[in-house]
Amino acid sequence: MVQAVRCNSIQPITIADIAVKNNVEERISHKRLAAALGMKADWKLRQLVERNIIEFQRYGEVTTTVVETSKQGGRPGQVVWLNEGQSILAAVRSDAPKAPDVRHQIITAFMEYRRGRIEKPISVRQHKRRTSTPVDTAVNLARTAARLEAVADKIQPQAPDMCAMVINGESVFVDVNKYDGAGRAVTLETDGSICVQHVEPSYSDYRPMGARTALGERYRTVHGTMARNGVTVLGMVIEQGQPSLTQPMQIEHEPAKRVAVSIGHPNQSAPYRDKILALLGTGLSKTEIAEKVGCSYHGVDYWCRKARAG
């Protein structure tokens, strides 16, 4: 008589045995765990979990699903899904000879799942491949054009576009095409006000104002700490001082002439200058002077610096 050779066909637990239940946590079924432990009846492992449910719940909620019966009938079955800690606990409490090996398999499978070293097999339902439509082609062309324009702007920057502005009594020349780098710039605050201040480029990925996002000047908070806000750069200041009326070649139409004349008028270019200079020696702070005169804090700070320089 020839003796048959018994072959051990029990497969070890791998990453393919891990399933996501309720979109919350990765788990292994008790049937697969019982088979790896060498238990002949998987319901014994399920009863072990039910008897020690309080201890198993220390590692999280125990999930149970009902398996439908076949056409021949019979009682519906139950599958208990265990997370990593519960699976290791089940292997320990089972007292199976293969428990040490199974614990190592569980830990390795979950580590590989988390690190993403091995892709979990995914079953893809057969479907018809959708061909590209003219709309898809147009969208792809638009995205490609936008990327090419962004690269072209970096390779060949736009020419300066200068304009004259009067911000809080200060006349400045501004390049509206330049909004990066450090220096004085015309900025738009979060409250909607416009001022001239020193800015620095923002290197953070969070840019709520887009490419023109920058960091404004530092200020002291009510708690005594220093802070700075994000601002929108309207343009970098390229020249300070009042625009001269001796440059008629820059004035192309009547509205521009009237604006240039109004800018050059001494009473309109600095409407708050005399009031601010009169209050500098009264002991009031810059904020109090700004509230009393009705201008911004930056305007008061500008004329204070002018007075100290003079």
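**Here we look at the overall build of the chain**
Then step 1. Per the secondary structure count, the chain includes 11 helices and 12 strands.
Then step 2. Within the chain, buried positions represent 27% of all 310 residues.
Then step 3. Of the contacts formed within the chain by residues at least 6 apart in sequence, a portion of 49% connects residues at least 24 apart.
Then step 4. Entry remark: accessible area of the chain is about 21700 Å², with carbon and sulfur atoms responsible for 53%.

**Quick notes on the nonpolar core**
Then step 1. Grouped together as the largest cluster of nonpolar side chains are 24 residues, with contacts concentrated most on Ile13, Leu33, Leu37, Phe56, Leu82 and Val102.
Then step 2. Sorting the residues of this core by element identifies α1 (30-37), α2 (42-51), β4 (77-82), α4 (84-93) and α5 (99-115) as the ones contributing at least two each.
Then step 3. Per-element tally for this core: the top contributor is α5, with five residues.
Then step 4. Residues contacting Leu33, with those up to four places away along its chain left out, are Ile13, Leu45, Leu82, Ser87, Ala90, Val102 and Ile106.
Then step 5. In this structure, Ile276, Val293, Cys295 and Val300 belong to the second largest nonpolar core, which totals 10 residues.

**Let's talk about the packing of α4 against α5**
Then step 1. Contact pair α4 / α5: the axes reach a minimum separation of 9 Å and the direction vectors enclose 170 degrees. The orientation of α4 with respect to α5, classified from their angle, is roughly antiparallel. Together, Glu84, Ser87, Ile88, Ala91 and Val92 of α4 and Ala99, Val102, Arg103, Ile106, Ile107, Phe110 and Arg114 of α5 make up the contact between the two elements.
Then step 2. Its residues placed into classes, the contact of α4 with α5 shows eight nonpolar, one polar and three charged.

**Quick look at the packing of aromatic side chains**
Centre-to-centre distance and the angle between the planes together describe a pair of aromatic rings.
Then step 1. A complete count under the given rule lists one aromatic pair for this structure.
Then step 2. Ring geometry for Tyr302 against Trp303: centres 5.0 Å apart, planes inclined by 75 degrees, an arrangement best described as edge-to-face. Like Tyr302, the residue Trp303 is buried in the burial classification.

Calculation criteria
- Residues numbered from 1 in each chain as written.
- Predicted model: local features only at pLDDT ≥ 70, side-chain atom pairs only at ≥ 80, totals over all residues.
- Heavy atoms only, no water.
- Helix = DSSP H or I, 4+ residues; strand = E, 2+ residues; numbered from the N terminus.
- Buried < 20%, exposed > 50% of the residue type's maximum accessible area, 1.4 Å probe, protein only.
- Contact = heavy atoms within 4.5 Å.
- Areas by Shrake-Rupley, 256 points an atom, 1.4 Å probe, with all protein chains shown as cover.
- Core = buried A, V, L, I, M, F, W, Y, C linked by side-chain atoms within 4.5 Å.
- Axes fitted to C-alpha atoms, helices over the stretch in contact; angles between N-to-C directions.
- Parallel < 35°, antiparallel > 145°, perpendicular 65-115°, else oblique.
- Nonpolar A, V, L, I, M, F, W, Y, C, P; charged D, E, K, R; others polar.
- Phe/Tyr/Trp six-rings, centres within 6.5 Å; stacked < 30°, edge-to-face > 60°.

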